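# Tertiary structure, described
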Amino acid sequence: MSPRQFAPTQDFSFLRTDRSKPDRGILYHNNGDGTFSDVTRASGLAAVKAAHSFTPLFEDFNNDGKVDLFIANDSDPNLLFLNQGERHV
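## Thoughts on the overall build of the protein
- Scanning the protein from terminus to terminus reveals 1 helix and 7 strands.
- Within the protein, the proportion of its 89 residues that are buried is 36%.
- Nonlocal contacts in the protein, meaning residues at least 24 apart in sequence, comprise 47% of its contacts between residues at least 6 apart.
- As displayed, the protein offers around 5,300 Å² of accessible surface, 49% of which is attributable to carbon and sulfur atoms.

Structure follows, in structure tokens:
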């Protein structure tokens, strides 16, 4: 598993995944007013190959003070996205 980079918006809320079929998932931003916005493309996650995603986990995996994203996949390699404050590369 090689780390990838992604740029979350502040106060992002959750990643919707579907392990029943290959899917890229959707990253939602909490707008703070009871609504959510799809920020998948803005974060760079839309460029990721579709996978059978199972569980997303938001945590600072490299201890740099920025929240990273790990996605456990069912029958595909797991993904680790390190928050670099830039788009996914």
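Back to the write-up after that little detour.
## What about the pairing of strand E7 (residues 79-83)?
- For E7, a buried count of 5 out of 5 residues is recorded, marking the element as mostly surrounded by other parts of the structure.
- Where burial is concerned, the two faces of E7 agree: the one with Leu79, Phe81 and Asn83 and the one with Leu80 and Leu82 are both buried.
- Relative to E7, strand E6 (residues 68-73) is paired through 3 bridges, and the arrangement is antiparallel. Along E7, the bridge assignment pairs Ile71 with Leu79.
- Counting the residues in the hairpin turn of E6 and E7 gives 5 residues.

Cut-offs applied
- Once a new chain begins, its residue numbering starts again from 1 and follows that chain's sequence as written.
- Restriction of local features to residues with pLDDT of at least 70 applies here, the model being predicted, together with a cutoff of 80 or more for giving and counting side-chain atom pairs; totals for whole chains, interfaces and linings are based on all residues.
- Side-chain calculation: all heavy atoms of the structure are included, whereas hydrogens and water are not.
- Counting from the N terminus, the helices are the DSSP runs of H or I reaching at least four residues and the strands are the DSSP runs of E reaching at least two.
- Relative accessibility under 20% of the residue-type maximum defines a buried residue, over 50% an exposed one, and the middle range a partly exposed one, all with a 1.4 Å probe and only protein chains included.
- Working rule for contacts: check all heavy atoms of both residues, and any pair within 4.5 Å makes them a contact.
- Values of accessible area rely on a 1.4 Å probe in the Shrake-Rupley scheme; residue burial ignores everything except the protein chains shown.
- DSSP calls a pair of strands paired once it identifies at least 2 bridges connecting them.

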